[in-house]
Every structure is written in C-alpha cells, then in structure tokens.
Amino acid sequence: PHVAPAGRPADRPDRPNTMRSTWLSSAATALALVAVAARASMPMPSDMQAQQDSADCASVLKYSVRRTSAHVRSVQWVGADSRVVFAVTQDGALLRSVNNGATWDDQAQYLDKVNAPATGAAAMGAANGVSSVHGTAERDHIWVLGRNGRAWASESRGAAYSLVENEDYHLNELHVNPTNPTWALLVGPHRVCAAERLGGPFGTGGAGAVSGSVRCHYAAFVTTDFGKTLHVVASYVRTAAFGKGTRVFVSYLPNADKTKAQHELNDYDYELSYGDVSATGTGLKLNSMSRHTPEFVLASDVLFAVVYTNATLERVELKVATQRGHSALRTAAFPADVSEGYFVVVNIEPSTLWITVKESYDSRRGTLFVSSLPDDKPPAFVESLPNHAVEQGEPELARFYGLKGVFIANVRLPAAMEQRESLITFDNGGEWHPLHAPDEHADGKPYNCRSCALQVYGLRKPRARAGTQAQNAYGPLHTKVNTVGLALATGSVGDVLPDDAASGETDANMYMSRDGGWSWEELAEGSFTYDFADHGSVLVRAPNRGRTRQVEFSATLGADEWHRCTMLPETTMGGIHVTNIVSDPLSVSEQVIVYGDDGAEGVLVHLNLTNFVSRACSSDDYEMWSPRAQRGSPCELGIQATYQRRKRNHICHNDVVLDMRAKKQRCNCTKADYECDVCYEPRAVSEEGGSGGGSFGIDVGEVCVLSEKLCAIAVEYDEDGNEKKTHEGTQAPDPCVGEWEETRGYRLVQGTQCIVETGIALFPIKHQCPSAGSPTGVSLGPWPYLLAALVIIVVFGACAAVALYYRSRVRGAAPTSSSYLTVEGGDDDDDDDDDDFDDDEPEVLDDDAIEQYEKQKTKKKEK
C-alpha cells in the first residue's frame, strides 16, 4: 500500500507533475472514514463540562493516557491479532504499542541504533522523523518511510529494524508489493537535487545543480530481500508501482538527455513501461506499454494513465487497464458532451468505477459518472448524478461498507451553489433518493416537517488538523465491513444542507441507521466523533467541539441511557480537542483509542471496555434483517440478502466472529435492473406520444430513446420514405466478423446479478454479419422498443419505487481533454461482497403474478 502525496511536500524537489494522484489502501481507507478533525477555537458549553460520571464508571472503564510531542496524525494496527498499533505524530515521532494502545514506546531510540547514514544520505540535511508506516492486518512485516531520505524494515512488527538507504538518492516514496511484503519499490531524487534546491528555486539551476555529469532527476529502485539490496529500475522516473506478482510499472524518460535536469525535459516524451522482477531483483527489462504517458496510478487493481495526444500538451486521454494493469490499456469512453475536465476517481469496486468530472480545477461541483470494469473492452462511463458537490478538491461521496451499491452523495443546488442536498442510492447510482428524516428528535419531540429530509455532512475524507485549526469539524459517515447495515452520520434535518460558513456549524446532530440507510434516527444533539466496537455491539462517542474530558458509550446503540465517564484526570489536564476515536479495523476488540490535542501537545487515550458487558451472546440474542424489507421489494441489484445482527436491547458481547451474511439469493431481472444504453437517455412516455407516467411515478413513466446530443445520430429513409435513425449501436460494425449485436436501448445496471433467463430480458438482438456487398443491417429505430417498454411499465409499474432523482446513463466518444486526475478511492476490503450463492434456487413468480401479467398483456394488445 502506498499513499502518494497529493501536492509537493517541503522535503521534495518540485519535479514535474501533470497528474497528481492520491489513493488509499483498504486499511487506510477504513481509518480515513473514521477520522475527523476537531475545532480548537470553540469552547465547550459549561453544562457539558459539569456533567457527572455514570455511577459504574470505575468498574466498567479502564483507561491510560500518553502525551505526545505534537498532534497525532494517524493510528494504524498491524498483524492478525490486532494488538500491535503504530501512531505517527505531526512532527514525525513514531510510537508503538503491543497491547492495543494501553502503553506506548517511542521508536526513535530503536531507529537510531540502525541509523548509520551513508555519506550521500547525510548530505541531504533533512530533519529526522517518520513520514508513514506501511503494513497490513495479515502480515507481521512493516516498512517505515522516514523524512530523511531513508526507510526502515521490520519483520517483527517493530521488535527490530533494519536500515534501507541509497548513498546517492533521497528515498521519499515507497510502494510495497501487494502479495509479498518483502518486495518494495522506492523512488527518490538524486542528492544533487538538494543542492539545486538550496541554491535557488527548483528549475532555475542554483548552485550545486550539476555534480560532474549528473543533473537533478528521480530514480526508482526495487528490493526483493526486504531492503538489504536495492537495484535500479530506471532513472528520470515520474511514477512507479507494483502490478500482479512480479510485474512492475514505471513512467520514465527512456531517451532522456542526461545533460539536463529532469524538470527541463518535455512531458510528451515520458513512456509507461512494464517488466517482471526476478527473485534476485537483477536483470529487469522494461517493455513499452504506452507512449506520451507522464504519469499513472494503480488503485484497487485498476491502472489509470493520462496520455498526451499531441506534442503541445493541450489534449489528453484517460486510459484504464484492469487486473492490476495486466489487461490491455484502453481509452475510457465518456459522453460526447464531456470535453475538457479534471477527473477525480472517487470510488473503485470489483465491478464498478466512479469518476467525478469537474469543469475547472477549483470548481465546487462536477458530474458523477459510473462505469463497469470489463476486462475485454474499454470502460464506458455514463452520467449518474449532475451537480455533484466538491469541497477542497474532494467529491462528497461515501459508501456503505458491507453493502453493495449503497452510497450517499451531496449535490449543489443549481440556483444556490452554497446550498447542498444529500441523496442516497441503493443500486450503484441507478436512482438517487432523499434520505428519510427521523420522526423525532433525540429527546422524543416530533420534527413536524413532512417535506424535510436528512442532510449529511462529512462525506469527504476528513482532514488532519493544522496546528489548532480544524479543517473538518464534522463527524463522517461511518460504516464498517463487520458492522453490516450500521451507519453513523452528522447532519441536520431540513430542505437543504447549509454551507459550513453560512450555518455557523451550530445545527449539526448525530444520527444512526441500522438498516443500511433506509431509515434514520437522531441519537444526540451536537457534533461528535464516534466508532463501533465488538462487531457494533458497543458504540463510543465524544463531542468534537471544544475540549472535553469525557467519553460516552452505549451497549444498546443509544436506545437506553448513555454511560458517561471521565477519561482524563482533572488534575493533569483540562481536556482535549478530540480528533478521532478508532478501534481495530475489524471492530472485533472491545478496546478503543481516542486521540486529539490540548492545544500544545498531542494526547493518546486508551479505553478498555472489556468489563462494560459481561454476558456473552447466545443464539437468542440475534435476529435476521434484510436491507429492503421496509420498501416491499426484497431485491436490490438482483440480490435478496439477509443478515444477522444482535437485537438492540439485548445487552451482551460477541465473543466469537460473527458470520454476518446469512444468505444471498439471486432474483429475477426487473426494469429496475436496467439503465439506458449507449446514446440513449430516459424520456417520459408522454413526450413520445404515450400516456405519461401516471401514478406509476417518474421512473416508471420513462423509456430510453436515442439522444442526438449524446451521440452522432444519422437520419436515413427507406424505400417507402419512412424515417430511420441509426448510430453505431444499430448497425453492423465494419469490419464485422461472425455476429453483431443491435441494442434495444437498455443495458444492465453495473453490479446487478439478477437472473435474465427467468426475468425481463432486454439484451441486444444478435444478427449474423452481412456478407460482402450486402447492406450492413436494417434498424427500425427505437419505436418497437418503446412499445415493448410500455408493456414492461404496465406489468412492473405497480411495484416500482418512485425515484425523485434519476440519472441519464449514456456514453459516447472518449474524453477530448484532461489535465488533472486524482484517485480518491482505495482497495475494496469488503469480503462480504464475494457472492457465492451455493445452490440457492432462483425466485419464481407465483400463479397470481403470472395471471395478472397475462391479463395486462391482453389489455395492452387490445388497446
């Protein structure tokens, strides 16, 4: 896992960077969804400071406190037993705990024992300190990247370290092989770059810019023996990363004029290449994969590359390769009306890719596109949501871990850009709905707002605190893989979500959903940071406005009283600004870490809730639930899923790992499993001369029709003078081999696993390729399919959900220009999404449903 810098840190020369990239590994993503910054300047109300502890605090809560030299930037668990934890502070200190955070040991003394710098590394003159820790929950191997151009490796989770360095290069980027933690790629600038930077701005050629025949440049190295030896991959490098197994990718200048510094050379001459590393790391041969490719990024087994299409660097293409770069690199297709844009990859799943396209670099809104990830054809992006809100460069989109296809997004209102509205999708962006508002406040008073909806803050990655200034004072939308259906959020109830500055951040409250976002309840007034423990059986929270000395926790998810306990002795400190509450990544443990700062120093607080609940759960303490039980239809994305959860008012702890997925059964395909295909857009039936949607609702009263604004549509006439509209999807390709498919105007929604054979089948019509000299095919246009769609509407309209927000999913030509791409998503760590259906039988329509279908079909024919 690697976190590539989004900008240019102070300790790194300003190398050329036409495509900035930031992505998070699965472990980092889980932590990022929990993280939240606190507001330092807002005082805690006096009534909250005066609240008394619960009577049983002394018996149920054990805590320990560790002060740090600076604010804690990150906390990471390493190893399968969830006991070893590392913390990194803003000033580069590295702390290690072997007991879930109960006690901490400063690692500086151990790193210094092996810190015998080579001559070149010492010449860099960078301050000591740690930049990041790279490890996983499955392995004991870790890598520590320093701020001084060196790294350290440990095969015992920090019990002992070995130094990794190169005497000529300042190593400041690290990429660990995803399957072998002893293999790594390290990237950094030559030591002459420091002299050039010290002598003047990078690019101006200050004193020391030239050392003999060496000019400032970056190089990539590979190690296959856990850092003992480093072998050169390439010089004049922009980006490097591991693919599958032994495969490495590198973007570099293969024919660089080495009498010039790297920044002086043309971005058009970069080349994306690949090679396979031997067991010894030697003899690597690079093969060209894509020319004119200055930078790429690998995220969640998908490779993204920006390719210049002309030497003036004015136009680029976005190219994508699946299977961690092992499939062919193909140009991503976007609708024809998408021209120049800044592309931000916001989420990646095994079958779906989400990208927000902004019109300008500093735009606060964009258009959210979605595509499947086929291995044998280019990804075709279709519009999912217009006016997608973007804040500080990050699109506001968050997913429900453990549930497929469930996301919450904020959109900006076209008439009032400072106002946002929250929407939720349960089918990978097929339809977007407002979030149902709670019926009552936390104190039991009704909301009395029939038209209101729940609006949610915190849908972008929380920012780290800068000094004492909060960058994001709201708790995030928080979900975890092992707490399926549970979600915590900070927001307000109303028609819109006010802009942060306009609202004064005074109306934010804490909300919870137990059914995957279908319904919500208010747990408390005010803003909190929070986390689950013990598979969601215990909920922990603390206010994140101003200072606090107390933490609250509940064994009934807030249904009964909250236990409020002091976690900081009053004699030692007056309280902290809480930044985050974290438990182990799988939420298995009953031990929690709270961290923040007191305005001057960082503070780590370890909470042990083992004695909070003493009784172990039995089978009678659990119940089954389905995400779609509240809406009548049991299916979503072609799956009827049933999960196990602890009954809310049954106070017990989960002493074993739960099998949270009880059953997943495939469903027949319905109209809800389809979307508009290439060059088609949804249109109300009345616009085509039909009767309109009537009482069926907006989504039911629509069919997919050809759109001239999305694709180039040719109008032809047959021998009788009848108009015929055609496009590439209604004609045989040239050349044509074997069979070709004529679209009906529909395609399956990304991610659906419904059964076509026993449900609605709207797949393309297959034709034999025409022989030489014969017509390339005849298309009757959309009219037969409009009539077929009307039958579908009548049959399935009565049970379809009303969509107040819908999207026009289309695709067309490849993007014509792009100058910025950021990857915000990460590896999908949702193991529950591996859908092994065993021998589940498909759902079959009963006799009444079939009889009703035949009656309606007969009426339709007569009409």
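Cut-offs applied
- Residues numbered from 1 in each chain as written.
- Predicted model: local features only at pLDDT ≥ 70, side-chain atom pairs only at ≥ 80, totals over all residues.
- Heavy atoms only, no water.
- Buried < 20%, exposed > 50% of the residue type's maximum accessible area, 1.4 Å probe, protein only.
- Helix = DSSP H or I, 4+ residues; strand = E, 2+ residues; numbered from the N terminus.
- Pairing = 2+ DSSP bridges.
- Phe/Tyr/Trp six-rings, centres within 6.5 Å; stacked < 30°, edge-to-face > 60°.
- Core = buried A, V, L, I, M, F, W, Y, C linked by side-chain atoms within 4.5 Å.
- Polar contact = N/O pair within 3.5 Å; in protein donor to acceptor, adjacent residues only side chain to side chain.
- Contact = heavy atoms within 4.5 Å.

**Here we look at the pairing of strand β15 (residues 247-252)**
So, step 1. When you tally the buried positions in β15, you get six out of six residues, the bulk of the element.
So, step 2. Residues R247, F249 and S251 point to one face of β15 and V248, V250 and Y252 to the other, with burial holding for every one of them.
So, step 3. Here five bridges tie strand β14 (residues 237-242) to β15, and the two strands are oriented antiparallel to one another. Its bridge partner lying in β15, A240 is registered against V250.
So, step 4. In sequence, β14 turns back onto β15 through a hairpin of four residues, with G245 there showing a positive phi of about 55 degrees.
So, step 5. As paired strands, β15 and strand β16 (residues 271-276) are joined by six bridges and run antiparallel to one another. Each bridged residue has a counterpart across the sheet, and for F249 the counterpart in β16 is Y274.

**Describing the packing of aromatic side chains**
The geometry of two aromatic rings is summed up by the distance between their centres and the angle between their planes.
So, step 1. Considering all chains together, one arrives at 11 aromatic pairs under this definition.
So, step 2. Here the aromatic rings of F334 and F369 are separated by 5.5 Å at their centres, their planes lie at 85 degrees, and the arrangement is edge-to-face. Separated by 35 residues along the polypeptide, F334 in the loop between β21 (330-331) and β22 (340-348) and F369 in strand β24 (residues 365-372) bring together distant segments of the chain. This pair shows no difference in class: F334 is buried, exactly as F369 is.

**Notes on the pairing of strand β2 (residues 72-78)**
So, step 1. In terms of burial, β2 is a largely internal element, five of the seven residues being buried.
So, step 2. If you look at the hairpin formed by β2 and strand β3 (residues 84-89), you'll find five residues sitting between the two strands, and G79 has a positive phi there, around 100 degrees.

**A few points about the sheet that holds β21**
So, step 1. Pairing in this open sheet of four strands is antiparallel, and the strands run β18-β19-β20-β21 from one edge to the other. Pairing within the sheet leaves two strands with one partner each, and these edge strands are β18 (295-299) and β21.
So, step 2. Both β18 and strand β19 (residues 302-308) contribute to a ladder of five bridges, which runs antiparallel. What sits directly across from L298, in β19, is L303.

**Observations concerning the nonpolar core**
Most often, soluble globular proteins have nonpolar side chains that are buried together.
So, step 1. Counting 24 residues, the largest nonpolar core has V540, F553, M567, L607 and F612 as the members making the most contacts within it.
So, step 2. Every element with two or more residues in this core is listed here: α3 (57-60), β36 (538-543), β37 (550-554), β39 (577-582), β40 (591-597) and β41 (602-608).
So, step 3. A398, L459, W520 and A641 belong to the second-largest nonpolar core, a separate cluster that totals 23 residues.

**Focus on the side chain of R96**
So, step 1. Following the sequence through the fold, R96 ends up in strand β4 (residues 94-97).
So, step 2. In this structure the side chain of R96 is engaged in a polar contact, spanning 2.6 Å, whose partner is the backbone oxygen of R157.
So, step 3. Setting aside anything within four residues of it in sequence, one finds R96 in contact with V84, V85, F86, T103, W104, D105, Q107, S156, R157, G158, A159 and Y161.

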